[in-house]
Amino acid sequence: LLMIPLLSGCLTRSVTVGDRFSGEFIVATATDSPNGVPRPDVPQSMSNHMSVADFTGNIADDGAVTAQKDDAAPNAPQKGPNKVGTRVTYTALTAGQFSQLGDIIAASFSGSNAAMTVSTTRSGDAVRLTGTADFTDLVEGRDVVFLSVGFGGDIGGTNGIQTSDTTAAWVIPAGKSSDLNADARY
């Protein structure tokens, strides 16, 4: 009987356990970059939730991603400079796993001092994403980072690009520091 009050605390439901996040990120650079192609190192604990593929294409400031098809003519006209890199699609990441994405993205650019953090918090039915990116060590016009995040409910506001009712995206500029935020309710 003395243990009942202690054990009842173990049965309290966590309000963040059910939060899962899906989306993608692309880390890319110009084809002639002296630092080579950015390659994320996906932790083994997250490998079942992530799909990694090479990326060749362009990312516009408005978040439009144009991937070059493998069978495209090599001299086909491209809109803007062509980028090469890695595209990672992630599914059903927990809030804890999601908070590791910033480190994975920043470490993709070898030889740089890039830094990034992203996290989510829940208060009732409101879920808030916050993040910072210090990409001052990356070269504007050469390096690019794209991040999209899908939430379990409608987004009420973001400083990124709202690509659907439940998805926000950011083209995070190189050569600068940036803040990321989005609010969703579910």
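Sequence order as written defines residue numbering, which begins from 1 separately in each chain. pLDDT decides what is reported in this predicted model: residues at 70 or higher carry local features, side-chain atom pairs at 80 or more are listed and counted, and totals for whole chains, interfaces and linings draw on all residues regardless. Note: side-chain values were computed over all heavy atoms of the structure, leaving out hydrogens and water.

Enquirer: Would you mind going over the confidence of the model for the protein with me for this structure?
Expert: The predicted coordinates ought not to be read in detail in places where the model reports low pLDDT. The predicted model of the protein has a mean per-residue pLDDT of 88, with 84% of residues at 70 or higher. Every residue in residues 3-16 scores below 50 in pLDDT, and together they form 2 contacts with partners more than four places removed in sequence or on other chains. The model gives residues 71-78 a pLDDT under 50, and that stretch makes 2 contacts with residues more than four places away or in other chains. The quantity known as pLDDT measures the predictor's confidence residue by residue, on a range of 0 to 100. In this description, contact between two residues means that some pair of their heavy atoms is separated by no more than 4.5 Å.

Enquirer: Got a minute to help me understand the nonpolar core in this structure?
Expert: Most often, soluble globular proteins have nonpolar side chains that are buried together. Of all hydrophobic cores here, the largest spans 34 residues; its most connected members are Phe25, Leu101, Met116 and Leu147. Only strand E1 (20-30), strand E4 (83-94), helix H3 (101-107), strand E5 (115-123), strand E6 (126-134), strand E7 (144-150), strand E10 (167-172) and strand E11 (177-185) provide two or more residues apiece to this core. Put simply, DSSP H or I for four residues or longer makes a helix, DSSP E for two residues or longer makes a strand, and each gets a number counted from the N terminus. At 4 residues, the largest contribution of residues to this core is made by H3. Residue contacts for Phe25: discarding those within four places in its chain leaves Pro40, Met50, Thr86, Arg87, Val88, Tyr90, Leu101, Ile104, Ile105, Phe146 and Leu147. We define the nonpolar core as a collection of buried residues of types Ala, Val, Leu, Ile, Met, Phe, Trp, Tyr and Cys that are connected through side-chain atoms lying within 4.5 Å of one another. Any residue under 20% of the maximum accessible area for its type is buried, any over 50% is exposed, and the rest in between are partly exposed; the area is computed with a 1.4 Å probe on protein chains only. Grouped together as the second largest cluster of nonpolar side chains are 8 residues, Phe55, Ile59, Ala169 and Val171 included.

Enquirer: Where do I start with the side chain of Thr86 in this structure?
Expert: Note that Thr86 resides in strand E4. For Thr86, a relative accessible area of 1% gives the class buried. Polar contacts involving the side chain of Thr86 include one to the side chain of Arg39, which spans 3.0 Å. When residues no more than four places from it in sequence are discounted, the contact partners of Thr86 are Phe25, Ile26, Val27, Pro38, Arg39, Pro40, Val52, Ala53 and Phe55. Polar contacts here mean pairs of N or O atoms no more than 3.5 Å apart (in protein, one a potential hydrogen donor and the other a potential acceptor; neighbouring residues in sequence count only if both atoms are side-chain atoms).

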